[in-house]
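This is what each chain is made of:
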Amino acid sequence: MSDQRFIIEMGMGNSQYGQDYTKACARAIEDAIRHSSIPMFAALGKDPKEMRVQVTVGVQDPDKVDCAALVAHLPRGKASVKAVFGGMNVTNPDDSNVLVIASAAVEAFLPKQV
């Protein structure tokens, strides 16, 4: 049986000091989740554990993202996180500090209903 996507939320996060790519991604994921309220589980008698959560985060250096740490903080469902090239790094010309800006897409799937 295939899955059917029923929600997609987008978010943005940053790390202003320390160039912490994982922190920027965590904030982007939190931003996306904060925009969601999914009353359908109670309405349909579904268990949130049935949900598959697929997260894609975009940053300039995807290899610096600890995807396992991000999965550990997702509140529901069977989660996976993938880091890809995206987001943005911005350098402050006054002190050369690099701000890391991450984007996130959080998608949720349930088994397709027939």
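Here the structure is a predicted model, which means the values were calculated and not measured.

*Asks:* So what's going on with the nonpolar core? Residues and values would help.
*Replies:* Most often, soluble globular proteins have nonpolar side chains that are buried together. In terms of nonpolar packing, the biggest core is built from 24 residues, with Cys-25, Ile-29, Val-55, Val-57 and Val-65 touching the most fellow members. If you list the elements that add at least two residues to this core, you get helix H1 (21-34), strand E2 (52-59), strand E3 (78-85) and strand E5 (98-111). Here Val-55 is in contact with Ile-29, Leu-74, Ser-80, Val-81, Lys-82, Ala-105 and Val-106, once residues within four sequence places are set aside.

*Asks:* Break down H1 for me, citing the residues and quoting the values.
*Replies:* Since the α-helix turns once every 3.6 residues, residues separated by three or four places project in the same direction. Helix length check: H1, at 14 residues, gives a terminal C-alpha distance of 20 Å against a target of 20 Å (1.5 Å per residue), a fit within 8%. Within H1, the full set of buried residues consists of Tyr-21, Thr-22, Ala-24, Cys-25, Ala-28, Ile-29 and Ala-32. For H1, the angular spread of buried residues about the axis comes to 160°, placing them on one side. On its buried face, H1 is in contact with strand E1 (3-15), E2, helix H3 (67-72), strand E4 (88-91) and E5. With a side-chain oxygen positioned 3.1 Å from the backbone nitrogen of Thr-22, the residue opening H1 is Asp-20.

*Asks:* For the pattern of salt bridges, give the residues involved together with the corresponding values.
*Replies:* Counted under the stated rule, the structure contains four salt bridges. Between Lys-64 and Asp-61 there is a salt bridge; the shortest N-O distance is 3.6 Å.

*Asks:* Describe the layout of surface pockets, with residues and values.
*Replies:* As a volume, the largest pocket reaches approximately 280 Å³. Taken together, 14 residues form the lining of the largest pocket, with Ile-33, Ser-36, Ile-38, Met-51 and Pro-75 sitting closest to its centre. Listed by contribution, the elements that provide at least two residues to the lining of the largest pocket are E1 and E5. Split by residue class, the lining of the largest pocket holds ten nonpolar, one polar and three charged.

The rules behind the values
- Residues numbered from 1 in each chain as written.
- Predicted model: local features only at pLDDT ≥ 70, side-chain atom pairs only at ≥ 80, totals over all residues.
- Heavy atoms only, no water.
- Core = buried A, V, L, I, M, F, W, Y, C linked by side-chain atoms within 4.5 Å.
- Buried < 20%, exposed > 50% of the residue type's maximum accessible area, 1.4 Å probe, protein only.
- Helix = DSSP H or I, 4+ residues; strand = E, 2+ residues; numbered from the N terminus.
- Contact = heavy atoms within 4.5 Å.
- Expected span 1.5 Å × (residues − 1).
- Arc of directions from axis to C-beta.
- Polar contact = N/O pair within 3.5 Å; in protein donor to acceptor, adjacent residues only side chain to side chain.
- Salt bridge = Lys/Arg side-chain N within 4 Å of Asp/Glu carboxyl O.
- 1 Å grid on protein atoms, 1.4 Å probe; cavity = no way out; pocket = protein on both sides within 12 Å on 5 of 7 lines; lining within 4 Å.
- Points joined across faces, edges and corners; volume = space filled by probe spheres on them.
- Nonpolar A, V, L, I, M, F, W, Y, C, P; charged D, E, K, R; others polar.

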